[in-house]
Amino acid sequence: MERSPGEGPSPSPMDQPSAPSDPTDQPPAAHAKPDPGSGGQPAGPGAAGEALAVLTSFGRRLLVLIPVYLAGAVGLSVGFVLFGLALYLGWRRVRDEKERSLRAARQLLDDEEQLTAKTLYMSHRELPAWVSFPDVEKAEWLNKIVAQVWPFLGQYMEKLLAETVAPAVRGSNPHLQTFTFTRVELGEKPLRIIGVKVHPGQRKEQILLDLNISYVGDVQIDVEVKKYFCKAGVKGMQLHGVLRVILEPLIGDLPFVGAVSMFFIRRPTLDINWTGMTNLLDIPGLSSLSDTMIMDSIAAFLVLPNRLLVPLVPDLQDVAQLRSPLPRGIIRIHLLAARGLSSKDKYVKGLIEGKSDPYALVRLGTQTFCSRVIDEELNPQWGETYEVMVHEVPGQEIEVEVFDKDPDKDDFLGRMKLDVGKVLQASVLDDWFPLQGGQGQVHLRLEWLSLLSDAEKLEQVLQWNWGVSSRPDPPSAAILVVYLDRAQDLPMVTSELYPPQLKKGNKEPNPMVQLSIQDVTQESKAVYSTNCPVWEEAFRFFLQDPQSQELDVQVKDDSRALTLGALTLPLARLLTAPELILDQWFQLSSSGPNSRLYMKLVMRILYLDSSEICFPTVPGCPGAWDVDSENPQRGSSVDAPPRPCHTTPDSQFGTEHVLRIHVLEAQDLIAKDRFLGGLVKGKSDPYVKLKLAGRSFRSHVVREDLNPRWNEVFEVIVTSVPGQELEVEVFDKDLDKDDFLGRCKVRLTTVLNSGFLDEWLTLEDVPSGRLHLRLERLTPRPTAAELEEVLQVNSLIQTQKSAELAAALLSIYMERAEDLPLRKGTKHLSPYATLTVGDSSHKTKTISQTSAPVWDESASFLIRKPHTESLELQVRGEGTGVLGSLSLPLSELLVADQLCLDRWFTLSSGQGQVLLRAQLGILVSQHSGVEAHSHSYSHSSSSLSEEPELSGGPPHITSSAPELRQRLTHVDRSLRQNGRDPPDPYVSLLLLPDKNRGTKRRTSQKKRTLSPEFNERFEWELPLDEAQRRKLDVSVKSNSSFMSRERELLGKVQLDLAETDLSQGVARWYDLMDNKDKGSS
């Protein structure tokens, strides 16, 4: 439509961009300005306004017709009208372009993304997915620099491998003393940097860079071990990942950066093309390795918490702290459950669909945990807790992978990943997370624990942890970081100190350090040929109770056979140190007079700072309630919780097992005894030390024997906590210091899973020797039906040199007590309880200032005679003596349902009650080699062949233990009575064909009985093949009279041992024959 030239331009909707804050769907009329030529005012509301708007629009269109009317009235040609219209349109277009450019320039300064949206004629919500504003920059200039430097880097690597790495490899293993690098070439394909991202540093003294690197190279490195004529190497390698580079500390002098730290936040993708690896792994010291293990070790070496530190200035301080800084925090991961998992098990060639046996792998960097397997369940409940150290935020990720356990290859069920930064922001994150790559969800509760540099809140943390049910390990209250720096003036290695069989004279040691807190031990690297080593390493420990735990430090030679010095440091010292830090020299004991160790120890308290968490009011905690009040419960009786009728133990109560350790024998032990100044070589006097679950045992000493036989049995209560090991050490007994004969370890998980282990174990750290152990897991059964059989079997397999074997396991859960009496002169109670069974006892923690303590503790005891033993309980007050006691005969448990009593028990004082759960489990051996069956003692004249067999002890022989054992349990039924009085029977045993005193055995004599019970065992030491050529002559005799040496024969039986399976043992009844062949007696 035409417009008059004098009329202002009427911008189109496209030419009227709204302000950035306007809604995109606002009508264009809202932005229209009133026509200045109209002279009208804005229309008012209602019909008058609408009429005025119509008239204004009609008037504007009439004005457009005026130029046409005037041209016609003057008589001008139509061409003049068209020419004027063309001029107007051209001017309008130029003006619009200028206005559009000015608007775009103004908005460029305000919002780049809004301008992009306007340019694309789209709103911000309509931006396509491929439009992004990345903070990762390309660095082609950096790739050009790397390509230029690459050949010179190859020269440096060749020098580093030849002068530093090769000597270290040669010194690490005696089989690699001829190890050399024959070829080192990095190739022509350099490392490429795909992108660079710069993070604002956590502190002003550092710069953080993330380099996305990719290396597909033609590197070629060849090695040779001349002693074994072995050649191997690397030909080609691929590496892909994100490398974090930290420049710190920033200094005010050239080169402005003190050191460069490099590491991978997540494990990179690594692929190495090996050449000759099979030959290399045939070397004696490397035969236990594999290609996969080497790849995993290399990849893990590059991942947090491991760092590569390159100092750029000399004499850089705190190198160990830069290489291993304190964590940013701790994340406590509660792996609770999963739901909706996919079914992977199939039966009948896939026709029948089963379920899955899920377990989860929880990973953060190199810290990996594996949950237990839940059989046949698509909605498993794990309820497990793990603690991980977080070093880099953002960047590190928590990864959970769920698998289906199978005999061959486990099936993948899904995974989830979560950046630790989200946990830091939320403090507590409790949610169901979907599994990627599968179906279902996993339920996690994640807690961020801050690190406090003072012990002010330690008691609060400990009280909170006591109320937290956590498995497989209790929650930690603190962490300890040990920076091991150096040692000075360690003793020289002399022939007097070192074991003679290792043939080492006077020389400088190769020291390494073992650091232990309870059952967790970490080792440093070995520094070769020096008595002033420098380690500069860091070690991290989780602490459950810093007030009572100790740090044990052992400085040893690299063979672990010689201790160069020791140190025991109570961690309570750190609690009083400034900022919980000790940075000093420590004097070593059992070492030289000037031997000392320099360490820096840093402790940090783990504190959960969240508004969602309220620390519980713990009975016995000062200030928990008004101690002057008679009623410890606050509020009215309506608000008080009801008194529980039964205990509420956690799920781990009563799940303990008993491990029966049978130390049989050893072979080829090294000789330690020397006579006449070492000129005459003797033997050894060996004994065995066992350590497991915080307990230690020791066998008897076998004199002058390099192939000793101990034949001792030990029992220990164990749990299913992963990572436990049975530590076994063999020593030679001497008058001064016992000599080391070797050690070995057995993973407890192996025995608990299989139930039984009978193996010869090679002794480590010595030239020769092996040890024969038999381990059996005993699982308590809540039934007394098999108790008599267990007692019989225990008596049959009992060895002479061992304590009486346990027949049951007693588990006690002490929950609480109420209404404890106050003594005269005392206002408050601080009660604790002691539980005693036989010579074993357990003391609970002390709950201060309350007459209704809540202990929430459990204890377990080995029971040898359940019919006669009892549980003795005493409740005592700190400084007030006995408040009450309780005696519970275990015979009451034998008649209880499921062998369990769970109720309130009244104390003997008449005042006070305790709520406890007592649970008995019978220990049935499945691998004793004997069977016990019920039997009765009848004196009828029926044949003995009608009696049920009594399985008992042998005759028993094993090929490894050349010993014949005979357990004579009963001689029963119808012994012959010649006179009026019953006989005084005994049994004589003779190992034919020998009839001398050396093979003759005799039982004790039983008075006046036709059904004697002996329960005695006899042993003959001889090889198995020789035993099978013998016959055992068993005679039952009785004394004729008091004054006569004549013996009356009541019956006899002769056993051909060749017809008996001595390796398994057998127990049965045998018919006695009289001496005159009168038939069965």
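These numbers come from a predicted model, not from an experiment.

Novice: Tell me about the overall build of the chain, residues and numbers included.
Specialist: The secondary structure content of the chain amounts to 14 helices and 51 strands. Residue burial in the chain is summarised as follows: out of 1081 residues, 43% are buried. Long-range contacts, defined as pairs at least 24 residues apart, comprise 64% of the intrachain contacts of the chain with a sequence gap of at least 6.

Novice: So what about the pattern of salt bridges? Which residues, and what values?
Specialist: Counted by the stated rule, this structure contains 30 salt bridges. Across the pair E729 and R743 runs a salt bridge whose closest N-O atoms are separated by 3.2 Å. Here R743 lies in strand β33 (residues 739–747) and E729 lies in strand β32 (residues 725–732), a separation of 14 residues in the sequence. The same class applies to E729 as to R743, namely buried. For K845, the salt bridge identified is with E857, shortest N-O distance 3.6 Å. Of the two residues, K845 is situated in the loop between β39 (840–843) and β40 (854–863) and E857 in strand β40; the sequence distance between them amounts to 12 residues. Here E857 falls in the buried class, since its relative accessible area comes to 16%.

Novice: Summarise the packing of aromatic side chains; cite the residues concerned and give the values.
Specialist: A full pass over the atoms with the stated rule returns 9 aromatic pairs. A ring pair is formed by F697 and F714, whose centres lie 5.6 Å apart and whose planes are at 40°; its orientation type is tilted. In this pair, F697 is assigned in strand β30 (residues 695–698) and F714 in strand β31 (residues 709–718), connecting sequence segments 17 residues apart. F714 carries the same exposure label as F697, and that label is buried. Taken together, the ring pairs connect Y359, F403 and F412 into an aromatic cluster. We note R698 situated over the ring of Y687; from NZ or CZ to the ring centre the distance is 4.0 Å. Over the ring of Y832 we find K843; its NZ or CZ atom is 4.4 Å from the centre of that ring.

Novice: I'd like to hear about the sheet that holds strand β51 (residues 1047–1056), residue by residue, with values.
Specialist: Working definition: the strands of a sheet are paired by backbone hydrogen bonds and lie parallel or antiparallel to each other. Taken in spatial order, the 4 strands of this open sheet run β48-β47-β50-β51, and their pairing is antiparallel. Only two strands of the sheet have a single partner each, and these edge strands are β48 (1000–1002) and β51. Adjacent strand axes in the sheet meet at a mean angle of 20°, parallel and antiparallel pairs treated alike. Two elements, strand β47 (residues 985–992) and β48, share 3 bridges in a ladder whose sense is antiparallel. Paired with S988 across the strands is R1002, a residue of β48.

Novice: Could you give me a rundown of the confidence of the model for the chain, with the residues and numbers involved?
Specialist: Per-residue pLDDT for the chain has a mean of 77; in total, 77% of the residues score no lower than 70. This stretch, residues 967–973, has a pLDDT under 50; its non-local contacts, to residues over four places away or in other chains, come to 45 contacts. Here residues 1077–1081 scores under 50 on pLDDT; set against residues more than four positions off or in separate chains, the count is 11 contacts.

Novice: Quick one: what's the story with a nonpolar patch on the surface, residue by residue and with numbers?
Specialist: On the surface, W141, I145, V149, F152, L153 and Y156 cluster together into a nonpolar patch covering about 650 Å² of accessible area. The residue F152 is located in helix α4 (residues 140–172) in this model. Using a relative accessible area of 56% as the deciding quantity, one classes F152 as exposed.

Novice: Would you mind going over the nonpolar core in detail, with residue names and values included?
Specialist: L480, L515, L551, M599, L601 and M603 are the most contacted members of the largest nonpolar core, which totals 40 residues. Considering every element that reaches this core, the biggest residue donor is strand β25 (residues 596–607), with 6 residues. Discounting chain neighbours no more than four positions away, the residues touching L480 are I517, F539, R540, F541, L543, L571, L574, L601, V602 and M603. The next biggest cluster of nonpolar side chains, apart from the first, holds 38 residues, and it includes L787, I863, L890 and V924.

Novice: Go over helix α9 (residues 458–466) with me, naming the residues and quoting the values.
Specialist: Taken as a whole, α9 has its buried residues at L458, V461, L462, Q463 and N465. As for α9, its buried residues are in contact with β8 (329–339), α10 (572–575) and β25.

Novice: Can you break down the environment of V196 residue by residue, with the values?
Specialist: Position of V196 among the secondary structure elements: in strand β2 (residues 192–199). Using a relative accessible area of 15% as the deciding quantity, one classes V196 as buried. On a C-alpha basis, the gap between V196 and D210 in space is 5.7 Å, while along the polypeptide they are 14 residues apart.

Novice: Please provide a residue-by-residue account of the sheet that holds β39, values included.
Specialist: Within the open sheet, the 4 strands sit side by side as β39-β38-β41-β42. Their pairing is antiparallel. Looking at strand neighbours, the two that pair on one side only are β39 and β42 (881–889), the edges of this open sheet. The sheet shows a mean angle of 15° between the axes of neighbouring strands, taken without regard to direction. By the bridge criterion, 4 bridges tie strand β38 (residues 831–837) to β39 in an arrangement that is antiparallel. Opposite T834, over in β39, you have K843 as the bridge partner.

Novice: Please provide a residue-by-residue account of the pairing of β8, values included.
Specialist: Extensive coverage of β8 is indicated by the burial of 9 of its 11 residues. Strand direction decides the pairing type here: β8 and strand β13 (residues 381–390), joined by 8 bridges, are antiparallel. From the neighbouring strand, I333 faces β13, where its bridge partner is Y386. Where β8 meets strand β17 (residues 441–452), 9 bridges bridge the pair, whose relative direction is antiparallel. Bridging across to β17, I333 finds its partner in L446.

Novice: With reference to specific residues and values, describe the environment of V1036.
Specialist: Within the fold, V1036 resides in strand β50 (residues 1031–1039). Separated by 33 residues in the primary sequence, V1036 and T1003 have C-alpha atoms spaced 9.8 Å apart.

Novice: Please provide a residue-by-residue account of unusual backbone geometry, values included.
Specialist: That bond from E248 to P249 is cis: its omega, -5°, falls within 30 degrees of zero. Position of P249 relative to the elements: it lies in the loop between β4 (230–247) and β5 (259–264). The omega torsion across L254 and P255 is 5°, close enough to zero to call that bond cis. Locating P255 in the fold gives a position in the loop between β4 and β5. A positive phi angle, close to 55°, is found at D819, a residue other than glycine. Within the secondary structure, D819 is located in the loop between β37 (808–818) and β38.

Novice: Give me the side chain of R1030: which residues, what numbers.
Specialist: Looking at the secondary structure, you find R1030 in the loop between α14 (1024–1027) and β50. Judged by relative accessible area, R1030 falls into the buried class, the value being 12%. Contact partners of R1030, with chain neighbours within four places excluded, come to L991, L992, P993, D994, T999, L1022, L1055, D1056, L1057 and A1058.

Thresholds, definitions, all that
Counting restarts for each chain: residues are numbered from 1 in the order of the written sequence. Only residues with pLDDT of at least 70 are given local features in this predicted model, and only at 80 or more are side-chain atom pairs given and counted; all residues enter the totals for whole chains, interfaces and linings. Only hydrogens and water are removed before side-chain values are computed, so all heavy atoms of the structure are retained for them. Put simply, DSSP marks the helices as runs of H or I at least four residues long and the strands as runs of E at least two long, and each gets a number from the N terminus on. With a 1.4 Å probe rolled over the protein chains alone, any residue whose accessible area is under 20% of its type maximum counts as buried; one over 50% counts as exposed, and the rest are partly exposed. Note on contacts: a residue pair is in contact if any heavy atoms of the two residues lie within 4.5 Å. What counts as a salt bridge is simple: a side-chain nitrogen of Lys or Arg found within 4 Å of a carboxyl oxygen of Asp or Glu. Two aromatic rings, drawn from Phe, Tyr or Trp (for Trp, its six-membered ring), form a pair once their centres lie within 6.5 Å of each other, and the interplanar angle then sorts them: stacked below 30 degrees, edge-to-face above 60, tilted otherwise. Cation placement over rings: the criterion is NZ of Lys or CZ of Arg within 6 Å of the ring centroid and within 35° of the ring normal. Two strands pair under a simple rule: DSSP has to find at least two bridges between them. Each axis is a line fitted through C-alpha atoms, taken for helices only over the stretch in contact, and angles between the N-to-C directions span 0 to 180 degrees. Per-residue confidence from the predictor is given as pLDDT, running between 0 and 100. Patches here: salt-bridge-free residues with over 30% relative accessible area, like charges joined within 9 Å, nonpolar side chains (Val, Leu, Ile, Met, Phe, Trp, Tyr) joined within 5 Å. Throughout, the Shrake-Rupley method with a 1.4 Å probe supplies accessible areas, and for residues the shown protein chains are the sole cover considered. Definition used in this section: a nonpolar core is a set of buried Ala, Val, Leu, Ile, Met, Phe, Trp, Tyr and Cys residues joined via side-chain atoms within 4.5 Å.

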